Amino acid sequence: MKEKTPLNFLERIIEDDLANGRVPENTIVTRFPPEPNGYLHIGHIKSICINFGLAEKYKGRCHLRFDDTNPEKEEMEYINSIKRDIKWLGFDWGDYEYHASDYYLQLYEIALELIKQGKAYVDSLTAEQMKEYRGTLREPGKNSPDRDRSIEENLRLFLEMHEGKHPEGKYILRAKIDMSSPNLNMRDPALYRIKFASHPRTGDTWCIYPMYDFTHPISDAIEGITHSLCTLEFEDHRPAYDWATSIDGIEHTPHQYEFARLNINYFVMSKRRLLNLVKLGIVDGWDDPRMPTISGVRRRGYSPESMKDFISRVGVAKVEGVVDYSLLEFCVREDLNKRADRLMVVLNPLKLVIDNYPEDKVEYFEAVDNPEDQNSKTHQIPFSRELYIEREDFMEDPPKKYHRLYPGNEIRLKYTYYVTAHSVVKDDEGTIVEVHCTYDPESRGGSTPDGRKVKGTSHWVSASEGITIEARLYDKLFLTEYPGKETGNYLDDLNPDSLQIVRDAKAEPQIKQAQEGDYLQFIRNGYFCVDNKASSEDHLVFNRTATLKDSWAKLKKKMGM
RNA sequence: UGGGAUGUAGUGUAAUGGUAACACUGCAGAUUCUGGUUCUGCCUUUGGGGGUUCGAAUCCCUCCAUCCCAGCCA
């Protein structure tokens, strides 16, 4: 059987290159090159899946390379989080861990050589002057007065830059390309700038640092990268990439290809804006379960498998688009439905008293952990005269199509008995505090000998045996599809109700078995996981990963309730 | 108005000169001890205009729209 899954444009390029012997040793080499200046987010998952995934598919390899050329923004904390996140996704770079900073010396020597060949010069223009000389989008730039500085002087000044003899901003090393190029990146791009900043890896060894357009292509060449895959905004940099990989003495020639970055509506996905949410204290940190960071979705309870499935469904192309948040939710639910163990937890408890059930009796009923799994284990649930049910599962005066509990109506308490409501007890304010009902002993196990049907089944928790837990209910962080589109400030579109904390949810005792990393479903309430930060043995805290689809809520809305 | 890219259902992605399709969303129904799951059906698509061709989403011309680029960020 030959399966004909359509190839995306990158796979076509690779298969074509492989077929035509354009790849050394017939082994493709890709790389994932994060800058360690923040936490990885869902957008990076796409890049990770593309780079590691392609290497896997074509039996090549994928390097992890930290693009650490700007010490002012980069930190060890980020390096560690990035590694952890990639591992969590299930990818392994093996021995191929690199840092652009590993190449600082080689880069420096190449720069020296460039100067000697008259292909680079030291410029003393200020940043503002450089901007003026650069020209505009439609007007060509002007040559810097320093462009014709002698090779000897360029060499001397660059050496002095390296030795720390000049302050930041005084000099800059530039490539001598073409100030009249219609591509601004080719108007003598900066190669090296002076920065008296301590680098997370090289410390104070260097006071000059190479720029991206110089470092990235050469790093790719050094590592033998064959396919350098990046996002669309680097298309304009490809000529600079090709310029750098054409420098004399550079033997290997990788090629750059660009794909569209991932956008999802109702999210912000730039490191700058995510960092801002953290700094302003709007969220609990980079790993807040509402954040689209990898550490955030992990804490939220999304599985790595569902994230990879999502990325594969999104596809790879060059069209800049926006994926629906609903697709992400679909992938999460589909995966969790198959793997989550079911438990009964009442989030908004209302006491239910079964008047004709013995006072001190406790019965145990067996429940399947996961009905989607043929080989699922089971566990026991205690049942007693006083229970909690969901407040939303009882109404004194129900609307049409409400088939839960109301006076005179019979429903099933999941796994156990049919009960019929009779009366309520209210407090001084008229709020129902107790519902009284009777049960039918004949219905034990959830069905009756006479075969009569009930329309509703409610989950429940024994009042005496249940355990109090905390549940954190999350909703979208932003109210609008494109945060900030209207006002220009994405903070204007924050959802004030993106986190609802329920402190007195009632759970069946089985909840004590829950471990960090378990995927759970609280029956009829959604998917949940243990919060890896806040939960402790005597104060269990759960995060709602996703709600269940709720067609009743939809119906209610349609009926104008 | 310089350069680089991109236009296929609401959204994302296929079809590479031969009957426009898949998934998500939405809608309707069936099943169900989760108003979940599962199952069935329905809705809606080639940016516009020319041309080449027996035949065009695909090739050509033209127009239009959208995105990216003027960091000593990546």
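Structure first, text after, so check above.
As the structure is a computational prediction, the values presented were derived from the model and not from experiment. (Residues numbered from 1 in each chain as written. Chains lettered and ligands numbered in written order. Predicted model: local features only at pLDDT ≥ 70, side-chain atom pairs only at ≥ 80, totals over all residues. Heavy atoms only, no water.)

Our focus in this paragraph is the overall build of chain A. Assigned secondary structure in chain A consists of 13 helices and 25 strands. The C-alpha atoms of chain A give 31 Å as radius of gyration, which overshoots the globular expectation for 561 residues (24 Å, by more than 25%). With the principal axes as the frame, chain A shows a C-alpha extent of 100 × 60 × 45 Å. By residue count, 52% of the 561 residues in chain A fall in the buried class. Roughly 26900 Å² of accessible area belongs to chain A as shown, and the carbon and sulfur atoms make up 46% of that amount. Looking at chain A, you have 77 positive and 94 negative side-chain charges, and the mean spots of the two groups are 4 Å apart. (Helix = DSSP H or I, 4+ residues; strand = E, 2+ residues; numbered from the N terminus. Rg over C-alpha atoms; globule rule 2.2 N^0.38 Å. Buried < 20%, exposed > 50% of the residue type's maximum accessible area, 1.4 Å probe, protein only. Areas by Shrake-Rupley, 256 points an atom, 1.4 Å probe, with all protein chains shown as cover. Lys, Arg positive; Asp, Glu negative; His and termini not counted. Charge placed at Lys NZ, Arg CZ, Asp CG, Glu CD.)

Let us now look at the protein's contact with RNA strand B. Every one of the 70 residues lining RNA strand B counts as a neighbour, but Arg12, Val314, Arg342, Arg412 and Gly445 are closest to it. Lys401 places a main-chain nitrogen or oxygen 3.0 Å from a base nitrogen of RNA strand B. Interatomic distance of 2.3 Å between a side-chain N/O atom of Arg412 and a sugar or linking oxygen of RNA strand B. If you tally residues by element for the surface near RNA strand B, the top one is helix H13 (residues 551-558), at five residues. Per-class residue counts for the surface near RNA strand B are 28 nonpolar, 15 polar and 27 charged. (Near = heavy atom within 4 Å. Polar contact = N/O pair within 3.5 Å; in protein donor to acceptor, adjacent residues only side chain to side chain. Nonpolar A, V, L, I, M, F, W, Y, C, P; charged D, E, K, R; others polar.)

Turning next to a positive patch on the surface. There is a patch of like positive charges on the surface, built from Lys401, Lys549, Lys554 and Lys558. Tracing the chain through its elements places Lys554 in helix H13. Its relative accessible area of 62% is what places Lys554 among the exposed residues. (Patch = residues over 30% accessible without salt bridge, like charges linked within 9 Å, V, L, I, M, F, W, Y side chains within 5 Å. Salt bridge = Lys/Arg side-chain N within 4 Å of Asp/Glu carboxyl O.)

Take the sheet that holds strand E6 (residues 190-194) next. With antiparallel pairing, the four strands of this open sheet are ordered in space as E4-E5-E6-E7. Lying at the two open borders of the sheet, with one neighbouring strand each, are strand E4 (120-123) and strand E7 (208-210). Each strand axis lies, on average, 20 degrees off the axis of its neighbour in the sheet, ignoring direction. As defined by bridge partners, E4 adjoins strand E5 (residues 172-175) across four bridges and the pair is classed as antiparallel. What sits directly across from Ala120, in E5, is Ala175. (Pairing = 2+ DSSP bridges. Axes fitted to C-alpha atoms, helices over the stretch in contact; angles between N-to-C directions.)

Okay, the sheet that holds strand E2 (residues 61-66) next. The three strands are arranged E1-E2-E3 in an open sheet whose pairing can be described as parallel. Where the open sheet ends on each side, the last strands, each with one partner, are strand E1 (29-32) and strand E3 (97-99). Looking at each pair of strands side by side, their axes are set apart by 35 degrees on average, direction ignored. Bridge analysis of E1 against E2 gives four bridges, and the strand direction is parallel.

On to the packing of aromatic side chains. The description of an aromatic ring pair rests on the distance of the ring centres and on the angle between the ring planes. As enumerated under the stated definition, the model contains 25 aromatic pairs in all. Among the aromatic residues, ring-to-ring pairing joins Tyr104, Tyr108, Phe158, Tyr192, Trp206, Tyr209 and Phe214 into one connected group. One Lys or Arg, Arg273, reaches over the ring of Tyr490 and ends 5.0 Å from the middle of that ring. Directly above the ring of Tyr415 sits Lys414, whose terminal nitrogen or CZ lies 4.9 Å from the centroid. (Phe/Tyr/Trp six-rings, centres within 6.5 Å; stacked < 30°, edge-to-face > 60°. Lys NZ or Arg CZ within 6 Å of the ring centre and 35° of its normal.)

On to the packing of helix H11 (residues 304-314) against helix H12 (residues 325-339), then. In contact at an axis separation of 9 Å, H11 and H12 are set at 140 degrees when each is read in the N-to-C sense. In terms of their interaxial angle, H11 and H12 are classed as oblique. For H11 against H12, the interelement crossing comes out right-handed. From H11, Glu305, Ser306, Met307, Asp309, Phe310, Arg313 and Val314 reach across to H12, where they touch Leu327, Leu328, Phe330, Cys331, Val332, Glu334, Asp335 and Arg339. (Parallel < 35°, antiparallel > 145°, perpendicular 65-115°, else oblique. Left-handed = near helix turned anticlockwise from the far one by under 90°. Contact = heavy atoms within 4.5 Å.)

On to the nonpolar core, then. Formed by 38 residues in total, the largest nonpolar core has its most connected members in Ile42, Ile48, Ile86, Met307 and Phe310. Sort the elements by how many residues they give to this core and helix H2 (residues 42-57) lands first, with six residues. Within the second largest apolar cluster, 30 residues are counted, among which are Leu191, Ile208, Phe214 and Ala244. (Core = buried A, V, L, I, M, F, W, Y, C linked by side-chain atoms within 4.5 Å.)

Moving on: the pattern of salt bridges. Tallying each qualifying case throughout the model produces 42 salt bridges. Put simply, Lys195 and Glu72 hold a salt bridge, and the shortest N to O gap is 2.8 Å. Pair noted here: Lys195 is in the loop between E6 and E7 and Glu72 is in the loop between E2 and helix H3 (76-88), with a separation of 123 residues, a long-range link. Lys165 serves as the salt-bridge partner of Glu163, at 3.2 Å between the closest nitrogen and oxygen. A single network of salt bridges, built from pairs that share partners, joins Asp146, Arg149, Glu153, Arg156 and Glu160.

Below, the discussion takes up the state of the cysteines. As enumerated under the stated definition, the model contains zero disulfides in all. You can see Cys230 has no disulfide; the closest cysteine sulfur is in Cys62, sitting 14 Å from it. Under the relative-accessibility criterion, Cys230 is labelled buried at 9%. Sulfur of Cys331: no disulfide; nearest cysteine sulfur belongs to Cys49 and is 12 Å away. (Disulfide = S-S within 2.5 Å.)

Let us look at the environment of Arg503. Looking at the secondary structure, you find Arg503 in strand E22 (residues 499-507). Given a relative accessible area of 56%, Arg503 falls into the exposed group. Ignoring any residue separated from it by four or fewer positions in sequence, one finds Arg503 in contact with Thr468, Ile469 and Glu470.

It is at 12 Å that the axes of helix H1 (residues 9-19) and H2 come closest, and there the two elements cross at 40 degrees. Relative to H2, H1 is oriented oblique. Pair H1 / H2 crosses with right-handed handedness. Residue-level contacts link Leu10, Glu11 and Ile14 of H1 to Ile50, Leu54 and Lys57 of H2. In terms of residue class, the contact of H1 with H2 is made up of four nonpolar, no polar and two charged.

Taken by themselves, the reported measurements are silent on function.
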